[in-house]
Amino acid sequence: MADRFDVVILGMGPGGEVVSGKLIKAGKKIAVVEKELIGGECAYWACIPSKTLLRSPEAREEARRAFGTSTPTLDLEELFEYRDTMIRNLDDSGQVSGYEKKGATVIKGEGRITGPGTVEVDGETLQTEHIVIATGSAPTIPPVEGLDDVHVWTNREATTIKEVPERAIIIGGGPVGIETAQMMSRFGSRVTLVQHSERLINREDPKVGELIERFFEEEGMDVRVGRKAEKARGNGDGAVVTLDDGTEVEADVVVVGSGRSPRTKGIGLESVGVEPRKKGLPIDDRCRLAEGLWAVGDVTGVMPFTHVAQYQGRVAAANILGQTWRADYRGIPRVVFSDPEIAAAGLTEEQAKEHGIDTASATISLPETMARPWTYEQDPRGHLGLVADRGRGVLVGAWAVAPMAGEWIHQAAMAIREEIPIERLLGTVAQFPTYSGAYLEALERLEI
Ligand SMILES: Cc1cc2nc3c(=O)[nH]c(=O)nc-3n(C[C@H](O)[C@H](O)[C@H](O)COP(=O)(O)OP(=O)(O)OC[C@H]3O[C@@H](n4cnc5c(N)ncnc54)[C@H](O)[C@@H]3O)c2cc1C
């Protein structure tokens, strides 16, 4: 007889883990199905290793930019060992036993929905009242002729790096491409970063891409924006990539960082009448797909971040437990952990205009307006941009390129999400001297 559960969770990345935790706490009988490692992409091949690997070279650069400090050396072997402990040496046995101890049934294998309320894993059928799809996303391989025949790294090889290639070409200038390019460059690779559109991180304010391109060039990276990788061919152990202007770039590895696709194939969606869109699964604002069928995380295509997967996990769990919680994606922060960090929340000015908003905006250079950048580093860096809705007198967007911007973007995220009137924001007080003080400077320049 098939096992019967209250909820079966398909995929145990950050989204699946949050749903599971909430449901276990509420006393539900759950089964979690994971085909690789509990913790998902984020824990082993994405957020955690990438942030760990970026931190040591960043600390070295911080020391170099401070005053009267010597520059520490980077011990890559030690760093890679620390990374390995952070990714649990790609071993999730502790996670498996942790869930089992809490009363969940853990099934390691590839799950597939076979009809409403049924999931099959390796010939075993699970019956359940609810199914949560949390299968995440996989890297998109760009259509470059010949790429199949050369040594290609995705985020998995880049984040488990053990030997630093002399030369690397990174295809894609979005968050993953930017972080990987800076990491490899600071490890000692000669990096060429190729971005198809006219600027890096092209979904953010144009000034963001312009700034980060300049910083990367100053660090010695070869940044090619508005260029497409067209062909690749093997060259000894390495590769030659031909760009659309005819130039050839030689590299020891080709790293693809050109986006991700939701994992919707092979999970049995047809058996429950769900048609995936290219972007992801068509959930409603309660993360619901159909009666007893839910989806959270990258597979929904809403916003490819761990905090969004976790938020959706909270929303889906609450609804499964009988509450009505509707997701609200306003003001959710986006961070690229480059040095300096890129952080943003809400709409860009262009997006706000597309929404018909009468915008007012202000951009400030932090070293030109504040003391903190000068007390923090030599040759200080930093910009903050705000976008306001003139009619409603509230912020609708913010971005920053500056040290630790990922930490202090949250004030803007909160103001956007809670629609705090600009008049009230102007009355707030930030500690002197901090980067947070920049908000007041920029708010005062908004012509609303
Ligand atoms: C290099 C890189 C760095 C990143 N850095 C950050 C960051 O700093 N901050 C941030 O917020 N986001 C970051 N992200 C994005 C973040 O990793 C994802 O948004 C997050 O992992 C999504 O979580 P998820 O639960 O939806 O899916 P995933 O983490 O992809 O997990 C899905 C799980 O489902 C399993 N699965 C799939 N199909 C099946 C099946 N049929 N049966 C059983 N199991 C299945 C998979 O094995 C996987 O374990 C980064 C991404 C990359 C690539």
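Our structure's up above, just so we're on the same page.
Residues numbered from 1 in each chain as written. Predicted model: local features only at pLDDT ≥ 70, side-chain atom pairs only at ≥ 80, totals over all residues. Heavy atoms only, no water.

Details of the site of the ligand
Counted only if it meets this: Any residue with a non-hydrogen atom lying within 4 Å of a molecule or strand is treated as near it. By the criterion applied in these results, polar contacts are pairs of N or O atoms within 3.5 Å in which, for protein atoms, one can donate a hydrogen and the other can accept it, and in which residues neighboring in sequence qualify only through two side-chain atoms. The accessible surface values rely on the Shrake-Rupley method and a 1.4 Å probe; as for residues, cover is taken only from the protein chains in view.
Near the ligand you find 38 residues, and of these Glu 34, Lys 51, Gly 111, Asp 298 and Thr 306 are the closest. Separating an oxygen atom of the ligand from a backbone N or O atom of Pro 14 is a distance of 3.3 Å. Asp 298 is positioned with one of its side-chain polar atoms (N or O) 2.8 Å from an oxygen atom of the ligand. Considering the ligand on its own, with 1,000 Å² of exposed area, one finds that the protein chains cover 94% of that surface.

A short note on a nonpolar patch on the surface
Selection rule: Any residue with relative accessible area above 30% and no salt bridge may belong to a patch, with like charges joined within 9 Å and the nonpolar Val, Leu, Ile, Met, Phe, Trp and Tyr side chains within 5 Å. Salt-bridge detection follows one rule: a side-chain nitrogen of Lys or Arg within 4 Å of a carboxyl oxygen of Asp or Glu. Segments assigned H or I by DSSP are reported as helices when at least four residues long, segments assigned E as strands when at least two residues long, and all are numbered from the N terminus.
A cluster of nonpolar side chains, namely Ile 48, Tyr 82 and Met 86, defines an oily patch on the protein surface of about 260 Å² accessible area. In this fold, Ile 48 is placed in helix H3 (residues 47-65).

As for the packing of H3 against helix H4 (residues 76-86)
Stated precisely, the cut-off is as follows: Note on geometry: axes are lines fitted to C-alpha atoms, helical ones only across the stretch in contact, with angles between N-to-C directions running from 0 to 180 degrees. With respect to orientation, any angle under 35 degrees is reported as roughly parallel, any angle over 145 as roughly antiparallel, any angle of 65 to 115 as roughly perpendicular, and every other angle as oblique. Left-handed describes a crossing in which the near helix is turned anticlockwise from the far one by less than a right angle; the clockwise case is right-handed. In this analysis, two residues are considered to be in contact whenever any of their non-hydrogen atoms come within 4.5 Å of each other.
Running from N to C, H3 and H4 cross one another at 155°; their axes reach a closest spacing of 9 Å. Looking at the two axes, H3 sits roughly antiparallel to H4. You can see that H3 and H4 cross each other, and the crossing is right-handed. Between H3 and H4, the residues in contact are Ile 48, Pro 49, Thr 52, Leu 53, Ser 56 and Pro 57 and Leu 79, Phe 80, Tyr 82, Arg 83 and Met 86, respectively.

Digging into the packing of helix H1 (residues 14-25) against helix H9 (residues 306-320)
Counted only if it meets this: For this classification, Asp, Glu, Lys and Arg are treated as charged, while Ala, Val, Leu, Ile, Met, Phe, Trp, Tyr, Cys and Pro are nonpolar and the rest, including Gly, are polar.
Where H1 contacts H9, the two axes come as close as 7 Å, and the packing angle between them is 35°. Crossing handedness for the pair H1 and H9: right-handed. Where H1 approaches H9, its residues Pro 14, Gly 15, Val 18, Val 19, Lys 22 and Leu 23 are matched on the opposing element by Thr 306, Ala 309, Gln 310, Gly 313, Arg 314, Ala 317 and Ile 320. Split by residue class, the contact of H1 with H9 holds seven nonpolar, four polar and two charged.

Structural notes on the pattern of salt bridges
Counted according to the given criterion, the structure contains 35 salt bridges. Across the pair Lys 108 and Asp 92 runs a salt bridge whose closest N-O atoms are separated by 2.8 Å. Residue Lys 108 is found in strand E3 (residues 105-108), and its partner Asp 92 is found in the loop between H4 and helix H5 (93-101); the two are separated by 16 residues along the sequence. Put simply, Asp 358 and Arg 390 hold a salt bridge, and the shortest N to O gap is 3.3 Å.

Looking at the packing of aromatic side chains
How we decide: Any pair of Phe, Tyr and Trp rings, taking the six-membered ring for Trp, is counted once the centres come within 6.5 Å. Such a pair is stacked with planes under 30 degrees apart, edge-to-face with planes over 60 apart, and tilted for the rest. Summary of the burial criterion: residues with accessible area below 20% of their type's maximum are buried, those above 50% are exposed, and those between are partly exposed, where the area comes from a 1.4 Å probe applied to protein chains only. Throughout this description, the term charge over a ring refers to an Arg CZ or Lys NZ atom that lies within 6 Å of the ring centre and within 35 degrees of the ring normal.
Counted by the stated rule, this structure contains seven aromatic pairs. The interplanar angle of 85° and the centroid separation of 6.2 Å between the aromatic rings of Tyr 311 and Tyr 329 together place this pair among those described as edge-to-face. Of this pair, Tyr 311 sits in helix H9 while Tyr 329 sits in the loop between H9 and strand E19 (333-336), placing them 18 residues apart in sequence. Look at Tyr 329 and you get partly exposed, because its relative accessible area is 25%. Following the ring pairs from residue to residue traces out a cluster consisting of Tyr 376, Trp 408, Tyr 435 and Tyr 439. Positioned above the aromatic ring of Tyr 99, the side-chain terminus of Lys 102 is 4.9 Å from the ring centre. For Arg 156, the ring lying beneath its charged end belongs to Trp 45, and the centroid distance is 3.6 Å.

Some thoughts on the nonpolar core
Just so we agree on the cut-off: Side-chain atoms within 4.5 Å are what join buried Ala, Val, Leu, Ile, Met, Phe, Trp, Tyr and Cys residues into a set we call a nonpolar core.
In this structure, Ile 9, Leu 126 and Ile 133 are the most contacted members of the largest nonpolar core, which totals 50 residues. Not counting residues within four places of it along the chain, the set of residues in contact with Ile 9 comprises Gly 16, Val 19, Ser 20, Leu 23, Ile 30, Ala 31, Val 32, Val 33 and Val 132. In this structure, Ile 161, Met 221, Val 253 and Ala 344 belong to the second largest nonpolar core, which totals 32 residues.

Some details on the sheet that holds strand E13 (residues 238-243)
Basically, it comes down to this: Two strands are counted as paired when DSSP detects at least two bridges linking them.
Strands sit in the order E12-E13-E14 across an open sheet of three strands; the sheet is antiparallel. The open sheet has two edge strands, strand E12 (229-235) and strand E14 (248-251), and neither has a second partner. Ignoring which end each strand starts from, the neighbouring axes of this sheet average 20° apart. Pairing geometry for E12 and E13, over six bridges, is antiparallel. Paired with Gly 234 across the strands is Ala 239, a residue of E13.

Overview of unusual backbone geometry
Excluding glycine, residues mostly carry a negative phi; peptide bonds, for their part, are mostly trans. Between Asp 339 and Pro 340 the backbone carries a cis peptide bond, its omega angle lying at 0°. One can find Pro 340 in the loop between E19 and strand E20 (341-346). For the bond running from Phe 432 to Pro 433, omega is -15°, close enough to zero to count as cis. Mapping Pro 433 onto the fold places it in the loop between helix H15 (422-425) and helix H16 (438-445). Unlike most non-glycine residues, Arg 88 shows phi in positive territory, near 55°. With relative accessibility at 32%, the residue Arg 88 sits in the partly exposed group.

Things to note about the sheet that holds strand E23 (residues 394-402)
Spatially, five strands are ordered E19-E20-E23-E22-E21 in an open sheet, and the strand pairing comes out antiparallel. Either end of the sheet is taken by a strand with one partner, and the two such strands are E19 and strand E21 (359-365). Averaged over all pairs of adjacent strands, the angle between strand axes in this sheet comes to 10°, irrespective of strand direction. Here four bridges tie E19 to E20, and the two strands are oriented antiparallel to one another. Bridged to Val 336 within E20 is Ile 342. Across the sheet, helix H8 (residues 206-218) is in contact with E20, strand E22 (383-389) and E23; its angle to E23 comes to roughly 5°.

Description of the pairing of E21
Burial runs high along E21: five of the seven residues are buried. Relative to E22, E21 runs antiparallel, the two being bridged by seven bridges. Each residue of the ladder has a partner; that of Ala 360, found in E22, is Ala 388.

Some words on helix H14 (residues 410-417)
For clarity, the cut-off: Arc, as used here, means the arc of the directions from the helix axis to the C-beta atoms.
Here H14 has its buried residues at Ala 412, Ala 413, Ala 415 and Ile 416. The buried side chains of H14 occupy one side of the element, clustering within an arc of 165° when seen end-on. Along its buried surface, H14 packs onto E19, E20, E23, H15 and H16. Glu 419 lies just past H14 and shows a positive phi near 50°.

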